[in-house]
Amino acid sequence: MKAKIVLLPGDGIGPEIVTQATRVLETVAKKHGHEFAFESYQIGGIAIDTCGDPLPQETIDACRASDAILLGAVGGPKWDDPSAKTRPEAGLLKIRKELGLFANLRPIRLFDQLVDASPLRREIIEGTDILFFRELTGGIYFGESGRTGSGTTEAAFQSMVYSVGEVERIVRLAAKAAQGRDNRLTSVDKANVLEPSRLWRQVAARVMADEFPDVQYDVVLVDAMAMHLINRPRDFDVVVTGNMFGDILTDEASMLPGSLGMLPSASLGESGPGLYEPIHGSAPDIAGKDIANPLATILAAAMLLRHSLDLDAEAESVESAVASVLEDGLRTSDIARGAASIGTEAMGSAVVARLSN
Ligand code: IPM
Ligand code: MG
């Protein structure tokens, strides 16, 4: 198979981890006789520095013309000034919106080998396997915002808006995914306080009753969900929620497998290329030091193989290679819990070596 893959390394540790994931994809291509063409474009802070725009038009055009996109991370203290004209994160939000990537899949999968790297006790987390569907192109992230007044009465607002169609399509995708797993779906909202959540709850209930009566369905308030994730994570199969709740809950859930450095994500639309990225940020404090964990990005590359290129066996081979390096005791410092660790590039090489065998 031939595929055009756009690389968006971005800021901080982004370039280092994307380099390792690209090596992994190159190895897969070579081994299985595929032709992957990689092209790198700018997004985020680096794009602001070179052309004043966190998402240059040529990046958008290249993404549209691609089969899949692999992104590192955006942002950093250099671009954090709250009064700045634009921010690196705006580039990420815009590419999601431009490509219609409304469904963000964030699997929380536990590697047996890392159970003891989790801050939680083995008996609580063992057996955890959750697939989050975070709505990605609506909600408060994209609501109208602004400032009014001045002095002590200056105020800022940002509205949370969800339409029926937006809720229907993400709930449908999540429910279908549940059917292929343990057939359970949990919808998370704040319907006791927020109007968009009440709409979300009504629409979700209707979609589930009309189209997925076989799927076991329940609803949980987001504050309670924050608690349940720590207390009884095993009880959840597929979870669907809005943009901001999904952002927060998936960072929390990332601690179940021990590190944010292990979790990949896929952002998908109705059609067109998907975008794959680690769920962690740009970690500017450790950028350029060869200590970042590349495994989340490598696992994101596996999701790219599966969801955008339909290469299931290849995706599984990458996931097994990751499991195998962990099995051999190789750890970057974020998952070493004080024991000996290896660097970003060495970890990439270890995965590549397992794949080339
Ligand atoms: C994420 C990140 C982004 C988000 C930021 C970098 C804009 O936290 O992908 O979870 O909030 O969506
Ligand atoms: Mg986040």
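Above this text you will find the structure in question.
Residues numbered from 1 in each chain as written. Chains lettered and ligands numbered in written order. Predicted model: local features only at pLDDT ≥ 70, side-chain atom pairs only at ≥ 80, totals over all residues. Heavy atoms only, no water.

(A) Here's a closer look at the side chain of threonine 22. With respect to the helices and strands, the residue threonine 22 is situated in helix H1 (residues 14-32). Its relative accessible area of 9% is what places threonine 22 among the buried residues. If sequence neighbours within four positions are ignored, threonine 22 has contacts with Leu7, Phe38 and Leu70. (Helix = DSSP H or I, 4+ residues; strand = E, 2+ residues; numbered from the N terminus. Buried < 20%, exposed > 50% of the residue type's maximum accessible area, 1.4 Å probe, protein only. Contact = heavy atoms within 4.5 Å.)

(B) Looking closely at the site of ligand 1. In the neighbourhood of ligand 1, the contacting residues comprise Glu89, Leu92, Arg96, Arg106, Arg134, Tyr141 and Asp247. A distance of 2.9 Å separates an oxygen atom of ligand 1 from a polar atom in the side chain of arginine 106. Residue arginine 134 places a side-chain N or O atom 2.8 Å away from an oxygen atom belonging to ligand 1. Isolated, ligand 1 exposes 320 Å² of accessible area, and the fraction of that covered by the protein chains is 79%. The greatest single-element share of the shell around ligand 1, amounting to three residues, is contributed by helix H4 (residues 88-98). Built from parts of two domains, the shell around ligand 1 gets at least three residues from each of domain 1 (1-105 + 260-357) and domain 2 (129-255). (Near = heavy atom within 4 Å. Polar contact = N/O pair within 3.5 Å; in protein donor to acceptor, adjacent residues only side chain to side chain. Areas by Shrake-Rupley, 256 points an atom, 1.4 Å probe, with all protein chains shown as cover. Domains from an automatic or database assignment.)

(C) View of the state of the cysteines. In this structure the tally under the stated criterion is zero disulfides. Cysteine cysteine 51 remains unbridged, with the sulfur of cysteine 63 as its closest cysteine sulfur at 14 Å. Overall, the relative accessible area of 0% leaves cysteine 63 in the buried class. (Disulfide = S-S within 2.5 Å.)

(D) Expanded view of the pairing of strand E3 (residues 68-73). The buried count for E3 comes to six of six residues, which makes it a mostly enclosed element. In the sheet, strand E1 (residues 2-10) pairs with E3 via five bridges, with the strands oriented parallel. Across the sheet, the residue bridging to glycine 10 is alanine 73, located in E3. When E3 meets strand E12 (residues 274-278), the two strands line up parallel, connected through three bridges. Its bridge partner lying in E12, leucine 70 is registered against tyrosine 276. (Pairing = 2+ DSSP bridges.)

(E) Inspection of unusual backbone geometry at higher detail. If you check the backbone angles, aspartate 290 has positive phi at about 60° while not being a glycine. In this fold, aspartate 290 is placed in the loop between E12 and helix H10 (295-307). When its relative accessible area of 35% is taken as the criterion, aspartate 290 is described as partly exposed.

(F) Highlighting the packing of helix H11 (residues 312-327) against helix H12 (residues 344-356). It is the contact of H11 with H12, at a shortest axis distance of 9 Å, that shows an interaxial angle of 120°. In terms of orientation, H11 and H12 fall into the oblique class. Crossing hand, H11 versus H12: right-handed. Each of Ser317, Val318, Ala321, Val322, Ser324 and Val325 in H11 lies in contact with H12, whose residues at this interface are Met347, Ala350, Val351, Arg354 and Leu355. Looking at the contact of H11 with H12, its residues break down into eight nonpolar, two polar and one charged. (Axes fitted to C-alpha atoms, helices over the stretch in contact; angles between N-to-C directions. Parallel < 35°, antiparallel > 145°, perpendicular 65-115°, else oblique. Left-handed = near helix turned anticlockwise from the far one by under 90°. Nonpolar A, V, L, I, M, F, W, Y, C, P; charged D, E, K, R; others polar.)

(G) Here's a closer look at the packing of aromatic side chains. Scanning all chains against the criterion turns up two aromatic pairs. With a centroid separation of 6.5 Å and an interplanar angle of 90°, the aromatic rings of phenylalanine 36 and phenylalanine 38 are classed as edge-to-face. Residue classification places phenylalanine 36 among the buried positions, given a relative accessible area of 13%. Assessed through its relative accessible area of 22%, phenylalanine 38 is described here as partly exposed. With centroids separated by 5.2 Å and ring planes inclined at 70°, the aromatic side chains of tyrosine 162 and tryptophan 200 adopt a geometry described as edge-to-face. (Phe/Tyr/Trp six-rings, centres within 6.5 Å; stacked < 30°, edge-to-face > 60°.)

(H) Region of the structure containing the sheet that holds strand E4 (residues 103-109). Taken in spatial order, the 10 strands make up an open sheet running E2-E1-E3-E12-E11-E4-E5-E10-E8-E9, and their pairing is mixed. Taken across any chain shown, the strands that pair with only one partner, and hence form the sheet edges, are strand E2 (35-40) and strand E9 (216-221). Direction aside, neighbouring strands of the sheet carry axes that sit 25° apart on average. Bridge analysis of strand E8 (residues 184-189) against strand E10 (residues 238-241) gives four bridges, and the strand direction is parallel. Each residue of the ladder has a partner; that of valine 188, found in E10, is threonine 241.

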